Structures are given as structure tokens and as C-alpha cells.
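Structure assessment
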Amino acid sequence: MNPPGTFEIVARDERSQGRCGILWTAHGPVPTPVFMPVGTQATVKAMSPAELEALRVPIILANTYHLMIRPGVAIIEACGGLHAFMGWRGPILTDSGGFQVFSLADRRQVTDEGVVFQSHVDGATLFLGPREAMEAQRRLGSDIAMVFDECPPHDAPVDYACKAVERTLLWAAQCRVQNRAPGQLVFGIVQGGACPDLRARCARELISLGFDGYAIGGVSVGEPERLILEGIAQTVAHLPVDRPRYAMGVGDLRQMTEAVALGVDMFDCVMPTRVARNGGAFTRWGRYPVKAGRYKADRRPVEEGCDCYTCRTFTRAYVRHLLQADEILGVRLLTIHNLHVYLRWMEQIREAIAGGRFEAFRQSVQETYREESE
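This is a predicted model, so every value here is computed, not measured.

So, how was this worked out
- By convention here, each chain's residues receive numbers from 1 onward along its written sequence.
- Totals for whole chains, interfaces and linings use all residues, but because this is a predicted model, local features are given only for residues with pLDDT of at least 70 and pairs of side-chain atoms are given and counted only at 80 or more.
- Remark: hydrogens and water are excluded; side-chain values derive from all non-hydrogen atoms of the structure.
- Where helices and strands are cited, they refer to DSSP runs of H or I of at least four residues and of E of at least two residues respectively, numbered from the N terminus.
- Only protein chains enter the accessibility calculation, which uses a 1.4 Å probe; a residue is then buried when its area is under 20% of its type maximum, exposed when over 50%, and partly exposed in between.
- Should any heavy atoms of two residues lie within 4.5 Å, those residues are counted as being in contact.
- What sets the accessible areas is the Shrake-Rupley method with a 1.4 Å probe; for residues, cover comes only from the shown protein chains.
- Only four residue types enter the charge count: Lys and Arg as positive, Asp and Glu as negative, with His and the chain ends excluded.
- Note on charges: their place is set at NZ of Lys, CZ of Arg, CG of Asp or CD of Glu.
- Using protein atoms alone on a 1 Å grid, points that fit a 1.4 Å probe yet trap it form a cavity, whereas open point sets bounded by protein on both sides within 12 Å along at least five of seven lines form a pocket; residues with an atom within 4 Å of a point count as lining.
- Grid points are joined across faces, edges and corners, and a volume is the space filled by probe spheres set on the points.
- The residue classification treats Ala, Val, Leu, Ile, Met, Phe, Trp, Tyr, Cys and Pro as nonpolar and Asp, Glu, Lys and Arg as charged. All others, Gly included, are polar.
- Lines fitted to C-alpha atoms define the axes here, with helix axes fitted over just the stretch in contact, and angles between the N-to-C directions of these axes take values from 0 to 180 degrees.
- Roughly parallel covers angles under 35 degrees, roughly antiparallel covers those over 145, roughly perpendicular covers 65 to 115, and oblique covers all other angles.
- Throughout this description, the term nonpolar core refers to a set of buried Ala, Val, Leu, Ile, Met, Phe, Trp, Tyr and Cys residues connected via side-chain atoms within 4.5 Å.
- Only Phe, Tyr and Trp rings are paired, with Trp represented by its six-membered ring, and only when their centres lie within 6.5 Å; those with planes under 30 degrees apart are stacked, over 60 edge-to-face, the remainder tilted.
- A pair of strands is treated as paired once DSSP finds two or more bridges between them.

Our focus in this paragraph is the overall build of the protein. Within the protein one finds 15 helices and 16 strands. Considered along the principal axes of its C-alpha atoms, the protein spans approximately 60 × 50 × 45 Å. Burial status across the protein gives 56% buried among its 374 residues. Intrachain contacts of the protein at a sequence separation of at least 6 include 65% that bridge at least 24 residues. In the form shown here, the protein has an accessible surface area of approximately 15200 Å², with 51% of it arising from carbon and sulfur atoms. Side-chain charges in the protein split into 41 positive and 43 negative, and the spacing between the mean points of these groups amounts to 4 Å.

To continue, consider unusual backbone geometry. Look at the link from Thr32 to Pro33: it is a cis peptide, with omega at 0 degrees. Among the secondary structure elements, Pro33 is positioned in the loop between strand S3 (28-32) and strand S4 (34-37). Residue Arg70 is joined to Pro71 through a cis peptide bond whose omega torsion reads 10 degrees. Position of Pro71 among the secondary structure elements: in the loop between helix H2 (64-69) and helix H3 (73-78). Despite not being glycine, Ala42 has its phi angle at roughly 65 degrees, a positive value. Mapped onto the elements of the fold, Ala42 is located in the loop between S4 and helix H1 (49-54). Here the phi dihedral of Arg56 falls at roughly 65 degrees; this positive angle occurs in a residue that is not glycine. Using a relative accessible area of 56% as the deciding quantity, one classes Arg56 as exposed.

A few words on the layout of surface pockets. Volume-wise, the largest pocket comes out at about 880 Å³. Together, 41 residues line the largest pocket, and Val38, Phe99, Gly249, Asp268 and Val270 are the ones closest to its centre. Tallied by class, residues from the lining of the largest pocket come to 17 nonpolar, 17 polar and 7 charged. In this structure, the second largest pocket occupies an estimated 170 Å³ of space.

Angle between the axes and distance between the axes are the two parameters that describe a pair of packed helices. For the pair helix H7 (residues 158-176) and helix H8 (residues 196-209), the least separation of the axes is 10 Å and the interaxial angle reads 10 degrees. Classified by the angle their axes make, H7 and H8 are roughly parallel. Of the residues in H8, those in contact with Val158, Ala161, Cys162, Val165, Glu166, Thr168, Leu169, Ala172, Ala173 and Arg176 of H7 are Leu198, Arg201, Cys202, Glu205, Leu206 and Leu209.

Let's shift gears to the nonpolar core. Judged by nonpolar contacts, the single largest core of 78 residues is most densely connected at Leu93, Ile144, Met146, Ile232, Tyr246, Met266 and Phe267. No other element matches helix H14 (residues 328-354), which puts 7 residues into this core. Apart from the residues within four sequence positions on either side, Ile232 is in contact with Ile216, Val219, Ala247, Val250, Ala259, Leu262 and Val264. Core analysis: the second largest hydrophobic core is formed by 20 residues, Ala42, Val44, Met47 and Leu67 among them.

Tallying each qualifying case throughout the model produces 10 aromatic pairs. Both rings, one in Phe314 and one in Tyr318, keep their centres 5.2 Å apart while their planes meet at 20 degrees; by these two values the pair is stacked. Residue Phe314 is classed as buried on the basis of its relative accessible area, which comes to 18%. An aromatic cluster is present here, built from Phe35, Phe282 and Tyr342 joined pairwise through their rings.

Moving on to the sheet that holds strand S9 (residues 125-128). Across the sheet, 3 strands lie side by side as S7-S8-S9; this open sheet has antiparallel pairing. Unpaired on one side and paired on the other, strand S7 (108-111) and S9 mark the two borders of the sheet. Sheet twist, expressed as the mean angle between neighbouring strand axes with direction ignored, is 15 degrees. In this structure, strand S8 (residues 114-118) lies alongside S9, joined through 4 bridges in antiparallel fashion. In the strand pairing of S9, Val116 is matched with Phe127. This element, H7, spans S7 and S8 of the sheet and lies at about 75 degrees to S7.

Attention now moves to the pairing of strand S5 (residues 60-63). Alternating residues of S5 divide into Ile60 and Ala62 and Leu61 and Asn63, and every residue in both groups is buried. Here 4 bridges tie S5 to strand S6 (residues 92-95), and the two strands are oriented parallel to one another. Within S6, the position partnered with Asn63 by the bridge is Asp95.

Written out as C-alpha cells, the structure reads:
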């Protein structure tokens, strides 16, 4: 087993910047490109750790801000840390809470020292700054800790984006020197909004600080797909090739494929679990609403040709019945299927890069994948 932080590039695509790698963590290796299911509250919604292991999930994500609010870092620490608390034996990445600077804009105040939040649970006042975020992640014991950053809206004025970059760099420098859990890696986050020069500057200064990996922040925050990919391309161009690159919050299957071609290694998103809770299924061709009336007597599996537990065992008619009857099992079965699709998608990307077929895979996705399908 290699030391945590070791990143091996094992295959490269000749026609793009796509690559396959292995990132070593304190809880084992993570193959890249990789999709990380989101477990905000120390659980991937509707899934048990045993089911995640059966799906061969390489790594999951949890959120520091939410876990600080409930149950509280002290409780998780007393239970042996986040891995023991949630019964998950694989690697965990924790978001620092910086995204909440963006998503909870109506209930926070930002200064150079940090952010004062009004809790979304009970309205209590909570302060979170770079030191507090890193201390919480140290006590949680995650494998990868994210620096605390300020994520501006995609359409933020240039002066706002400039200030957010200044704070992000100030906070990153403070995060860099905080104590870590044994083997814990720390990733820097590039901000800069829609300004290529700001993104370049932020990337350069983060690299000068020296982090174990680098994330692309401020993308997939409401902007059109074209701007998401432009922001990724503008950022990746300035990141070191020998460290993992993480596009935060990007989870559309087609967008992830294009981002891999740009040189991205890691992704996370709530889409597979959220779409399942709303009665939708992802397939290799696109996504569709299983809960729609036209599937009430459909004897086909959720996706023909899929070998996940849901598709091997049940029909669309049965899954739709469960959803209509508001039975929890319906959501669980769709979640199993959707996560399987996402994980298999990334496996196919890795196989395509290693086998010299990635360009053909990209072309197939562009030609056949649709946001909504029948």
C-alpha cells in the first residue's frame, strides 16, 4: 500500500487530456476518474454501507457544515470518528462548508475571518472559518479535507469575484498549516467566477502553497453547460498534471465525460440519489420518469441490459407501484439502479481510456445520450 497522497497516472488518452489514475488514501486506493456519491449527513440517502460496498463505491462525500450542526463533531468524535460512526470502511472526502457560503446566502454574513451562519435547522448562530473548518475535519477523520473557500455566484460582478478569490487564498493559506488527522489529505479550491484571469491567478497561488490535490470550484452553480465546461477548461489549464483534479458538484453524465477529456479526475453530485427520490431513472441512453403512468404495466426492467440488483429482480411496473404507493422500497430500488449507472459509467470511461477507445466513447455519448428518454 502506497502512502496517502500518492497519485499514480496509469493510462492516458492520446486524443484528449483524459487519464486514469490511482489516488492512495488512508483507507485505501481510489481509481480515477471517479464519481463520489454524496452522503451529506453521514449517509448516502436510502443506502446502507453494505449496499454501497456491493456496488463497489470507491469513495463517498460528507459535509462538514451539516455534521457540525447535527449531530455535532464532538458526538462523531466520541463514536470513533466519521468512518466508525457511519459504518463505512472506505475513503471519505469532506466538503469544508464553503459551498454553504454560496447556497445559504440569505442567512450568512461573510468577513475575512470567516462566515457567521444562521443554522438552517434551528436558527442558532454558527461561526465557520478556515481554522474551524479544518479542526472539524481533523476530528471527523476524513481521508480528504477541503479548504474553506468562498464560492461566488456564476454571474457575480468582477469586483465580487475578485474579493472571493482574495478570501479563498487567505483562507487556503490558513487551512494549509492546520493540524490534520493521520494520513489526511488536503485539497485546495480554485475560484474566480467567470473570469479566466482570476482563475489562473487563484490556481497559481494555490499551487505555490502546495496541496495534495486541486478542486475546481464555482462551476455547476446554476450556469449553462457551456459555461460549466469553459470554467473547467480555464482552470485545468493551470493545474499540475501530477495531482488529482476535482470538479466540485458536476454530475451530469455527459458533462462528466467532457470534463474527463479536459483532464478532470474526480466528481460528486446529488443527482443520482435526488432523481431517484423524485421517481426518475438514469440509463446509458438518458433519464426517464419511472413514475409516469405509461409504465404502470411495463414488464421490462428499469433499464434493459442492466445487471444491477433492481433490474435483475424487478419490473418497471413494480417499481412504479411502490412509488405510487409511497413505499420506501421504490426510492431505494431506484437509488441502487442510478448509483450503479453512475459507477458503471466511470468504469467504462476508465476502460475506454486504458483501451484507447475514449474518443469513440465520447462520440457515442454525444450521439445517443439525452437528458430525457423513453
